[in-house]
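# Fold and geometry: a report
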Amino acid sequence: MKGFEYLQEEMDRLRERSSFHQLVEIASEQSGRVQIGGREVIQLSSNNYLGLTTHPKMKAAAFRAIEKLGTGTGSVRTIAGTFSMHVELERKLAAFKHTEASLVFQSGFTANVGVLSALLDEQDIVISDALNHASIIDGIRLTKAARRIYQHADMGDLEKALQETQHYRKRIVVTDGVFSMDGDVAPLPDIVELAEMYDALIMVDDAHASGVFGRNGRGTVDHFDLNGRVHIQVGTLSKAIGVLGGYVASSSAVCEYLIQRARPFLFSTSHPPAVTAACLAAVDVLLNEQGLIDRLWENTRFFKQGLQDLGFDIGKSESPITPVIVGDEALTMKFSDRLFAEGVMGTCIGYPTVPAGAARVRTIVTAVHTKEDLQTALDVFAKVGRELKLIT
Ligand SMILES: *Cc1c(COP(=O)(O)O)cnc(C)c1O
């Protein structure tokens, strides 16, 4: 059928870029090592920080839920009924996050889109960090509110934005807790102080911090002891939690209002029982298995130190996300390809996801990588880095 032939040319252009997405098929579970094309590869690209994708307690909970409740929910929650399990998870997440209430969405992406589009209108403004996640950007696109972007983590520029926008009815400062491409942590204590001074609301998206920062993985708000001072916390159940989903942890008023107005909640079917049961079990794992979080950080320190000792530029990450910054797009693509050929999977990330000239291979270690996995990966980084003259 004729109509989209022009896409071929566009695709040829995209293929040249370091941001071109190749779908790599994995034939095993997601873990520290994965099966790809009949080979075993060390996985340094997943967000599976704690290795929970394969946790036996979560798998068992999912099996039990399927036996008892089946595979699907058959509807959005406002129409054919909300499963008790959905409500139980929301209570559990609210207690975990020390908030009055929480509301679960199908994903972190839909949580951001839902909350931003529902809570703001023409009289309001979103004040957003320049490096916030795509789902925040899309949420902002869907609101009628005005927007002001401040320079990444720049408190001078944030203050300027707060001074310039005092005529709006409601102002909300939105930031990622941990930034996904550089692994740096938002200066939350300063953000909260400024927002309080200028009477603005605060929303923190802790997708990369849930399960990683704070006591038992409660996130950056807990990490910085700011409980009760951040109006809206968004979390994901898809990264360290090892399943799928997103949630808003906030006041009862906000969560009840979102049930009425958040469009992804209202117009897209709720999580199947297996997903919700696994998430419920995951919260127990976070509460009872501190050892996993300790191991994640131990592995993080070991791997960062190793890369640094080899002479790589690893930026200024403060999290298990460690970028290996190369700069040139073509060279970074080659670096990533060669690492993969040698058995290490590290995502190549280039413009426009990161600024031009700052292309990198992004690595994320997990709690389930063994020291041997990480040492092997470091040896491969050393070999390929020398081959491409990135290090000496
Ligand atoms: C990954 C991510 C999301 C999306 O979460 P999903 O549950 O995968 O949809 C939202 N915000 C940030 C900051 C993220 O890193």
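Please read these numbers as outputs of a predicted model, since none were measured by experiment.

In the vicinity of the ligand lie 14 residues, with Gly108, Asp205, Thr236, Ser238 and Lys239 positioned nearest. Take His133: an N or O atom from its side chain is 3.4 Å from a nitrogen atom of the ligand. For the ligand, an oxygen atom lies 3.5 Å from a polar atom in the backbone of Gly245. For the ligand, the protein covers 87% of the area, taking 380 Å² as the surface of the free molecule. Across the shell around the ligand, the residue classes break down as two nonpolar, nine polar and three charged.

This part takes up the domain arrangement of the protein chain. Reports often express the size of an interface as the amount of accessible area lost when the parts come together. Domain boundaries assigned for the protein chain yield domain 1 (16-45 + 290-387) and domain 2 (56-288). The C-alpha centroid of domain 2 is placed 27 Å from the C-alpha centroid of domain 1. Summing both partners gives a buried area of about 1300 Å² for domain 1 against domain 2, and 57% of it is carried by carbon and sulfur. Where domain 1 touches domain 2, the interface holds one salt bridge. Put simply, Asp182 and Arg360 hold a salt bridge, and the shortest N to O gap is 2.9 Å. The interface formed by domain 1 and domain 2 holds eight residue pairs in polar contact (both at pLDDT 80 or more) in total. Taken together, the elements giving at least two residues each to the side of domain 1 that touches domain 2 come down to helix 12 (290-310), strand 10 (321-327) and strand 13 (359-364). For the side of domain 1 that touches domain 2, the leading source of residues is helix 12, giving five residues. Residue composition of the side of domain 1 that touches domain 2, grouped by class: nine nonpolar, four polar and five charged.

A word on the packing of helix 13 (residues 329-341) against helix 14 (residues 371-387). It is at 10 Å that the axes of helix 13 and helix 14 come closest, and there the two elements cross at 135 degrees. Taken as axis vectors, helix 13 and helix 14 run oblique relative to one another. At the point where helix 13 passes helix 14, the crossing takes the right-handed sense. Contacts between helix 13 and helix 14 involve Phe335, Arg338 and Leu339 on the former and, on the latter, Val380, Phe381, Val384, Gly385 and Glu387. In the contact of helix 13 with helix 14, the residues fall into five nonpolar, one polar and two charged.

This part takes up the packing of aromatic side chains. Aromatic ring pairs are defined here through the distance separating the ring centres and the angle between the ring planes. Overall, the coordinates contain seven aromatic pairs when judged by the stated rule. Aromatic side chains Phe312 and Phe381 sit 5.9 Å apart centroid to centroid with 85 degrees between the ring planes, which places their arrangement in the edge-to-face category. Of the two residues, Phe312 sits in the loop between helix 12 and strand 10 while Phe381 sits in helix 14, which places them 69 residues apart along the sequence. Of the two residues, Phe312 and Phe381, neither departs from the other in class, the shared state being buried. A ring pair is formed by Phe335 and Phe381, whose centres lie 5.7 Å apart and whose planes are at 80 degrees; its orientation type is edge-to-face. With Phe335 in helix 13 and Phe381 in helix 14, this pair connects stretches of sequence that are 46 residues apart.

About the cut-offs
- The written sequence of each chain sets the order in which its residues are numbered from 1.
- With the structure being a predicted model, the display of local features is reserved for residues of pLDDT at least 70 and the display and counting of side-chain atom pairs for 80 or more, all residues being used for whole-chain, interface and lining totals.
- Hydrogens and water are ignored here; the side-chain numbers use all heavy atoms of the structure.
- One heavy atom within 4 Å of a molecule or strand is enough for the residue carrying it to be called near that molecule or strand.
- Nitrogen and oxygen atoms within 3.5 Å of one another constitute a polar contact, given that in protein one can donate a hydrogen and the other can accept it, and given that sequence-neighbouring residues count only through two side-chain atoms.
- Only the protein chains shown count as cover for residues, and the accessible areas themselves come from Shrake-Rupley with a 1.4 Å probe.
- Here the nonpolar group is Ala, Val, Leu, Ile, Met, Phe, Trp, Tyr, Cys and Pro; Asp, Glu, Lys and Arg are the charged ones; every other residue, Gly included, is treated as polar.
- What counts as a domain boundary in this text is fixed by an automatic or database domain assignment.
- Accessible area, probed at 1.4 Å, shrinks when two parts are joined; the buried area is that loss added up over both.
- Salt bridges, as used here, are contacts in which a Lys or Arg side-chain nitrogen is within 4 Å of a carboxyl oxygen on Asp or Glu.
- Strands are runs of DSSP state E lasting at least 2 residues, helices are runs of H or I lasting at least 4, and numbering of each runs from the N terminus.
- Every axis in this analysis is a line fitted to C-alpha atoms, fitted for helices over the stretch in contact. Angles between the N-to-C directions lie between 0 and 180 degrees.
- Should an angle fall under 35 degrees it is taken as roughly parallel, and over 145 as roughly antiparallel, whereas 65 to 115 is taken as roughly perpendicular and any remaining angle as oblique.
- By definition, any crossing whose near helix is turned counterclockwise from its far helix by less than a right angle is left-handed, and any crossing with a clockwise turn is right-handed.
- We call two residues in contact when some of their heavy atoms are within 4.5 Å.
- For this analysis, a ring pair means two rings from Phe, Tyr or Trp (six-membered ring only for Trp) whose centres lie within 6.5 Å, classed as stacked if their planes differ by under 30 degrees, edge-to-face if by over 60, and tilted for the remaining angles.
- Residue exposure (1.4 Å probe, protein chains only): buried if accessible area is under 20% of the type maximum, exposed if over 50%, otherwise partly exposed.

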